[in-house]
Amino acid sequence: MSETTKNAPIRLGGPRAYFMWGMGLLGYLFAVICRSSMSAAGIEAANHFHTTSTALSGFLYLQLFVYAIMQVPAGVLLDRFGARILISCGGLFMAVGQSLVALAPVTWLAVVGRGVVGMGDALVFISVVRLISAWFPTRQAPLLTQLTSVTGGLGQIISLYPFAWLLRLAGWQTAFLTAAGTGVCVAAAILMTVRDDPHQSSRRHERPEGGLKSAVRGLGSALHSPGTICGFFVHATTWFPVNMMNQLWGIPFLLAVEGWSRGTASAFLGAGVVINMVFGPLMGRLAGVHPIHGRAAVVYVSIGAQIVLWTILLLTPGPHPMWFMVLLLVALTSGGPASNIAMDYVRDTNRPANLGAATGFANTGGFLSSAIVFLGVGVLLDMQGATDPSLYTAQAMRMATLIQYPLWVVGLTGFTLMLRPTLQAIRERRA
Ligand SMILES: N[C@@H](Cc1c[nH]cn1)C(=O)NCC(=O)O
């Protein structure tokens, strides 16, 4: 490295920063395509594996579970090896997983494939968040994190349309192998272009002294930071209702309680993508400019609106007027961008060396609460004798979704208790 390069001033948030973010975003977009590809395959998936759609929801559950339990190890690995290596490895894992799904002669091998996809997926989002922290000024980072979520979320549309179209046109193997091939290209492009940190002299990650042991110790320090725990509660409390509706129980709920058709229910939930596009940048800007009161206000308003509207929905008979349902959708959808505020609390209260572990831990929150709710709704339906979709009555569905309330109580209490020390830590850092 020449002296000039060494001493050149580093411009955070410049064109190079946007390039690095763009490459990370490409990795995340690919991850979202992979995670949603099986649901987009819909009936073809059930036919391909000669199984039912209920059994297929097991694929989703496994993927979610693997993603959640991988977050902390992924965070520690991120601190040790850096975002470039982790996003590339994530792309390769997902490519292997999609290949297994494409070629599996038996269903269990495809299940393993989905697990491998979940493992690869788990490495990506927190690594992109880490890239943002390294390349952008503190005020801008929340907006970039939100834009990552919003743009990455478009991967679901790619799965639902171009991918599903390819599947119908060229068949199962071609579609999933095309996804796998794309993953290899994405991983190679990231490996060749991304630099983890503008302060580094080359693309090689400058590893922390003490190696993996020190990265594991970093997890201990991350857990001692109030912002990490606060972030965990934000993520755990804001996001599970919209995730529950979008991923698994939304359509059966709307069919049973509102008496809607499947088409209306899908279109209604799909409209959330547009609402997300509005909320994401707005909340990102607010969280960057008003880190003390703005972020907390977003979290409380989002959770409060969700609780109030769910309670009205459950206490009043359906079908509800459309204006009310739209309000509910707006409140529910706000939970996605609000959950990203978790990453802002983590970023502003942890040392850069522990940021991966801290972000991974906070990002477990929403996946853990979602897993509890996904399973809890199913168990509560079973307990009422609604063991099959044809037996899902409005009453059974209403009772089953009550599972959300204990999670809200625990989450709100945890957030409120951790908020004060977190804000104190942020103030001290900024002083
Ligand atoms: N905060 C969520 C994603 C989100 C935001 N808005 C809508 N969804 C999150 O944790 N994402 C992690 C990931 O891997 O997608």
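For the structure itself, consult the block above.
Note that this is a predicted model, so its numbers are computed, not measured.

Draft legend 1. Structural detail: the overall build of the protein. Check the secondary structure of the protein and you find 21 helices and zero strands. Relative to the compact-globule value of 22 Å for 431 residues, the protein shows a C-alpha radius of gyration of 21 Å, a close match. Dimensions of the protein, computed from the C-alpha atoms along their principal axes, are close to 70 × 50 × 35 Å. Sorting the 431 residues of the protein into buried and exposed places 54% on the buried side. The long-range share in the protein, meaning contacts at least 24 apart out of those at least 6 apart in sequence, stands at 83%. Here the protein displays about 18,100 Å² of accessible surface, and carbon together with sulfur accounts for 69% of that area.

Draft legend 2. Structural context of the pattern of salt bridges. Under the criterion given, the structure shown has four salt bridges. Of the charged contacts, one joins D121 and R35 as a salt bridge, the two residues approaching to 2.7 Å between their closest N and O atoms. Highlighted residues: D121 in helix α6 (residues 107–122) and R35 in helix α2 (residues 15–41), separated in sequence by 86 residues. This pair shows no difference in class: D121 is buried, exactly as R35 is. For D348, the salt bridge is made with R430, and the minimal N-O distance between the two is 3.2 Å. Linking D348 in the loop between α18 (341–347) and α19 (355–383) with R430 in helix α21 (residues 404–430), this pair joins segments that are 82 residues apart in sequence. Where salt bridges share partners, they join R295, D348 and R430 into one cluster.

Draft legend 3. Spatial organisation of the site of the ligand. As a structural note, the neighbourhood of the ligand is formed by 14 residues, with Y28, R35, Y67, H235 and S339 the closest of them. Within the side chain of N340, one N or O atom sits 2.8 Å away from a nitrogen atom of the ligand. With the chains in place, 92% of the 380 Å² that the ligand exposes on its own is no longer accessible. Counting only elements with at least two residues in the shell around the ligand, the list comes to α2, α17 (322–339) and α19. Of all the elements, α17 adds the most residues to the shell around the ligand, at three residues. Taken together, the residues that form the shell around the ligand break down as six nonpolar, seven polar and one charged.

Draft legend 4. Structural context of the packing of helix α9 (residues 155–170) against helix α10 (residues 172–193). The geometry of α9 relative to α10 is characterised by a closest axis approach of 6 Å and an angle of 140° between their N-to-C directions. Relative to α10, the element α9 is oriented oblique. Contacts between α9 and α10 involve F163, L166, L167 and A170 from the first element and W172, T174, A175, F176, T178 and A179 from the second. Looking at the contact of α9 with α10 residue by residue, the classes come out as eight nonpolar, two polar and no charged.

Draft legend 5. Structural detail: the packing of helix α16 (residues 293–315) against α21. Between α16 and α21, whose axes approach to 10 Å, the crossing angle comes to 170°. It follows from the interaxial angle that α16 and α21 lie roughly antiparallel. Facing α16, whose interface residues are R295, A296, V299, Y300, I303, Q306, I307, W310, T311 and L314, α21 presents Q404, Y405, W408, L412, F415, T416, L419, I426 and R430.

Draft legend 6. Layout of the state of the cysteines. One pass over the full model with this rule turns up zero disulfides. Its sulfur unpaired, C34 is 13 Å from the next cysteine sulfur, which belongs to C185. For C185, a relative accessible area of 54% translates into the label exposed.

Draft legend 7. Broad picture of the nonpolar core. Among the nonpolar cores identified, the biggest contains 100 residues, and F253, L254, W310, Y345, L381 and F415 are the most heavily contacted of them. With 10 residues, α2 is the largest single contributor of residues to this core. Filtering out sequence-adjacent residues up to four positions away, F415 remains in contact with C230, F233, V234, A296, V299, Y300 and Y345. Grouped together as the second largest cluster of nonpolar side chains are 15 residues, M38, A41, F49 and A175 included.

Scoring rules and cut-offs
Position numbers for residues count from 1 along each chain, tracking the sequence in the order it is written. Restriction of local features to residues with pLDDT of at least 70 applies here, the model being predicted, together with a cutoff of 80 or more for giving and counting side-chain atom pairs; totals for whole chains, interfaces and linings are based on all residues. In computing side-chain properties, one takes all heavy atoms of the structure into account and sets aside hydrogens as well as water. A run of H or I in DSSP becomes a helix once it reaches four residues, and a run of E becomes a strand once it reaches two; helices and strands are each numbered from the N terminus. Radius of gyration here uses only the C-alpha atoms, and the compact-globule reference equals 2.2 Å multiplied by the residue count raised to the power 0.38. Partly exposed describes any residue whose relative accessible area lies between the buried limit of under 20% and the exposed limit of over 50%, with all areas from a 1.4 Å probe on protein chains only and scaled to the type maximum. Only heavy atoms matter for contacts: two residues are in contact if any of them lie within 4.5 Å across the pair. To be clear on the numbers: accessible area is Shrake-Rupley with a 1.4 Å probe, and residue cover counts the displayed protein chains and nothing else. Salt bridge criterion: a side-chain nitrogen from Lys or Arg within 4 Å of a carboxyl oxygen from Asp or Glu. Here a residue is near a molecule or strand as soon as one of its heavy atoms is found within 4 Å of it. Pairs of N or O atoms within 3.5 Å make up the polar contacts considered here, provided that, within protein, one atom can donate a hydrogen while the other can accept it, and that residues adjacent in sequence are counted only when both atoms are side-chain atoms. Each residue is assigned to one class: nonpolar for Ala, Val, Leu, Ile, Met, Phe, Trp, Tyr, Cys and Pro, charged for Asp, Glu, Lys and Arg, and polar for all the others, Gly among them. Here an axis means a line fitted to C-alpha atoms, over the contact stretch when the element is a helix, while the angle between two N-to-C directions is reported on a 0 to 180 degree scale. Angular relationships are summarised with four words: roughly parallel below 35 degrees, roughly antiparallel beyond 145, roughly perpendicular across 65 to 115, and oblique for the angles in between. In plain terms, two cysteine sulfur atoms within 2.5 Å form what is called a disulfide here. For our purposes a nonpolar core is just a set of buried Ala, Val, Leu, Ile, Met, Phe, Trp, Tyr and Cys residues, chained together by side-chain atoms within 4.5 Å.

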